[in-house]
2 protein chains.
Amino acid sequence: MALIVQKFGGSSVKDADHVRNVARIITETYRKGHNVVVVLSAQGDTTDDLIAKAQEINPKASRREMDMLLATGEQISIALCAMAIEHMGYQAVSLTGWQAGMLTNSAYSSARIKRINTERIQRELDKKKIVLVAGFQGINKYDDITTLGRGGSDTSAVALAAALHADLCQIYTDVDGVYTSDPRTVKGARKLDEITFDEMLELASQGAQVLHNRSVEMAKRYNVNMEVLSSITGNPGTKVKEVVKKVEKTHVSGVAKDKNVSRLALIGLSDQPGIAFKIFSMLAKYDINVDIILQSIGRDASKDISFTVARSEGRHAKELLEENQEAIGFSTIELNEEVAKVSIVGAGMANNAGVACKMFEALFSAGININMISTSEIKVSVLVEERDADRAVQVVHDRFFDEFGSNS
Amino acid sequence: MALIVQKFGGSSVKDADHVRNVARIITETYRKGHNVVVVLSAQGDTTDDLIAKAQEINPKASRREMDMLLATGEQISIALCAMAIEHMGYQAVSLTGWQAGMLTNSAYSSARIKRINTERIQRELDKKKIVLVAGFQGINKYDDITTLGRGGSDTSAVALAAALHADLCQIYTDVDGVYTSDPRTVKGARKLDEITFDEMLELASQGAQVLHNRSVEMAKRYNVNMEVLSSITGNPGTKVKEVVKKVEKTHVSGVAKDKNVSRLALIGLSDQPGIAFKIFSMLAKYDINVDIILQSIGRDASKDISFTVARSEGRHAKELLEENQEAIGFSTIELNEEVAKVSIVGAGMANNAGVACKMFEALFSAGININMISTSEIKVSVLVEERDADRAVQVVHDRFFDEFGSNS
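Now for a look at the structure at hand. This is a predicted model, so every value here is computed, not measured.

**Describing the overall build of chain A**
- Scanning chain A from terminus to terminus reveals 12 helices and 20 strands.
- In summary, chain A has a C-alpha radius of gyration of 23 Å against a globular reference of 22 Å for 408 residues, a match within 12%.
- Referenced to the eigenvectors of the C-alpha coordinate spread, the extents of chain A come out at roughly 75 × 55 × 35 Å.
- Residues counted as buried form 56% of the 408 residues belonging to chain A.
- The long-range share in chain A, meaning contacts at least 24 apart out of those at least 6 apart in sequence, stands at 74%.
- Looking at chain A as shown, the accessible area adds up to about 18,100 Å², and 47% of this sits on carbon and sulfur atoms.
- The centroid of the 48 positive side-chain charges in chain A is displaced by 4 Å from the centroid of its 53 negative side-chain charges.

Put into structure tokens, the structure is as follows:
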């Protein structure tokens, strides 16, 4: 008998049929003798609908009231799912964030879980009930409802799994698991049986939208065994763990693409110490995250600095730097919004210098220009023109995952 | 400076425009220097929509989960209204039932308020905030969400007014106040400036759907000054109080009609003691409420008993009695679903024997047959054929409220 936490996203509970399907998965797990704690997101478009309602009334609504409003979405899901489970003849109990003891800080709309008081959940499990917990929400020390922001329900699930010392945390979604690349666009993409937390983190932040980084980081920290799987097919999914046995000696686990990138280039900076610090501390002050940074020597003892930011922040960053042109001291600034980042991720990569080389070669053979390069222990990212991105992913993927290729 | 509790029903907050209108009424009260606590119902059809969702998944959903589901409706209303108030530049804070300290018993879907812990509300009022409380809901001692059932938000408002020792409890609705009869169907119906709790109770239970009896009973018990008024017109409404000064010496405050009635007749009962008890205790066991009862001597030392029940319970009551025909001992049972109850209500009635007489005379003059009669301290009800009901109300109303009539 194990304790299993299962999380189902909004598309998995979007209507009565889907709720019934989820109830079936839950009760099947329960029937095998396991204790089951379920975390649910709001149904389908509920959250968007609620946001639209709020926008109509007050486009600048306070975050506290937004959280009060949005928390109802998950509450509806858990109640309906509990009813579906009851209908199948099992005992269920739904719990809101506060009932489930999810204590957070007070950062409305992006709260962090501080502690989970698991007493109530434990008591319900002891009564052999299936426990349904509203994801994405908690309460702060003032007894006010908070929400966890993006990826909140995944985070709720992992946090509960950690607090309850669950044997497994299953994240049900509308895909079969984690793939070597996006199966909708990359030919030959295949499902991974296992992946490490670190690889998952890099894949997620590189644009493979399966699990939210925040939940993976938490799973890594508390060593929660995760599994990503489909609520529709019932196929085995992808296990996410600290260490995985690589059956094949693949160094690369996946190829990811991220189009949410803009590149800024500051040209003709005077070559003085502290300039980079000036630029990036200014951006940090305005919460603009910088990803890849490239510094190069320009002509006449001047230098250039290029870097990437999320596309939504490109214009803001440009304006900010322009306003401070004199203080920083540069001659021109360029914003390129038609770029994309392509990355390979793999835990075995650091010990194998040939991996990056193989990636560059594949891109070169396809005639694709590399703008910038960034590497870490377990990934290599390159910036390419956006129009080349899909082809870049495909040729890199072919190079590493083609069965007749040389990487196996 | 007074403390005013304002309650707005579902139709008053059904969309963004209506929410803004409600926010305007609230902030106008606040601007006059009053402390304002607001109780809101769920928007428009929200509750019905949620019930339909539940029905689709489980027609026999547990009441606990129904309450979990339905409580979201009021939570949405308070958050949206708080946003509208913020948008007007005032400080508001929304509180769910549990946050507002509404402690109830555990009768899910028809919980009764046991106590209100007003600390949180008081704290927010001290900060000069407008406090918005989700009506219809509370929590029980297990920290589970409960709902109060029919008329729940009115009850929440009155209970809060009592607990906070509010100076006034304003119930905003879509009518201007309490009328001498339904102004949509009765010519010459006019708004009452004042009415006593007892009269209001009789009018409500006789089918004048303005205030729910439960809230009026509570207001009477705790002597909460109530006012019923329109959220649209802004006209002065009707004050509901313990004692009212009757400017005109009207003995009758209103004429009400109730079509939600069925009449059952048991014919040929043996004339033994205890038979009535047998019948009505059986119905009580199945929660079937009996209203008017008439017992008459039949032929051959047998007797007949007729009584009225809510129309939705007529068939059930008939079946129940038929199943027990032998034990009770009657020859035939008749169910008449085409009847209606017409009542006159007025605190001055008991001391004026002429009032009932005048009613009967009006009906007689109009050729309307009276089936059954029931009287109390402050009301006279008659059962008539349903097809005569509207006309009956009109002629009775004309008789008492026609300016040229004899009652003033």
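So, next bit.
**Some points on the environment of Ala100(A)**
All names here are of chain A.
- Looking at the element boundaries, Ala-100 is found in the loop between strand S3 (92-95) and strand S4 (102-104).
- Classification of Ala-100 by relative accessible area gives buried; the value is 0%.
- Residues Ala-100 and Gln-170, 70 residues apart in the sequence, show an inter-C-alpha distance of 19 Å.
- If we skip the residues at most four places from it in the chain, Ala-100 touches Leu-95, Ile-116, Asn-117, Ile-121 and Val-133.

**Some words on the interface of chain A and chain B**
- If you look at the interface, chain A gives 43 residues, while chain B gives 43 residues.
- Among the residues chain A hides against chain B, the three largest losses belong to Ile57(A), Met83(A) and Trp98(A). Together they make up 21% of the total.
- Across the contact surface, chain A and chain B share 2 salt bridges.
- The partner of Arg120(B) in a salt bridge is Asp144(A), and the shortest N-O contact between them spans 2.8 Å.
- Across the contact surface, chain A and chain B share 22 residue pairs in polar contact (both at pLDDT 80 or more).

Reading guide: rules and limits
Residue numbers run consecutively from 1 along every chain, following the written order of its sequence. The lettering of chains begins at A and the numbering of ligands begins at 1, in the order of writing. Per-residue local features are limited, in this predicted model, to residues with pLDDT of at least 70; the limit for side-chain atom pairs, both in listing and counting, is 80 or more; totals at the level of whole chains, interfaces and linings are taken over all residues. Only hydrogens and water are set aside when side-chain values are computed; all heavy atoms of the structure are taken into account. Working definition: helices are DSSP H or I runs of at least four residues, strands are E runs of at least two. Numbering for both runs from the N terminus. Only C-alpha atoms enter the radius of gyration, while the globule expectation follows 2.2 Å times N to the 0.38, with N the number of residues. The buried label goes to any residue with under 20% of its type's maximum accessible area, the exposed label to any with over 50%, and the partly exposed label to all in between, with areas taken from a 1.4 Å probe on protein chains only. By definition, residues are in contact when any of their heavy atoms lie within 4.5 Å. Per-residue and other accessible areas follow the Shrake-Rupley method at a 1.4 Å probe size, with only the shown protein chains counted as cover for residues. In this tally, Lys and Arg are treated as positive and Asp and Glu as negative; His is ignored, and so are the chain termini. Throughout, a charge is located at the NZ atom of Lys, the CZ atom of Arg, the CG atom of Asp or the CD atom of Glu. Summed over both partners, buried area is the accessible surface (1.4 Å probe) that two parts give up on being assembled. Salt bridge, as used here, is a side-chain nitrogen of Lys or Arg placed within 4 Å of a carboxyl oxygen of Asp or Glu. Counting of polar contacts relies on pairs of N or O atoms within 3.5 Å, with two restrictions inside protein: one atom must be capable of donating a hydrogen and the other of accepting it, and residues adjacent in sequence are counted only when both atoms are side-chain atoms.

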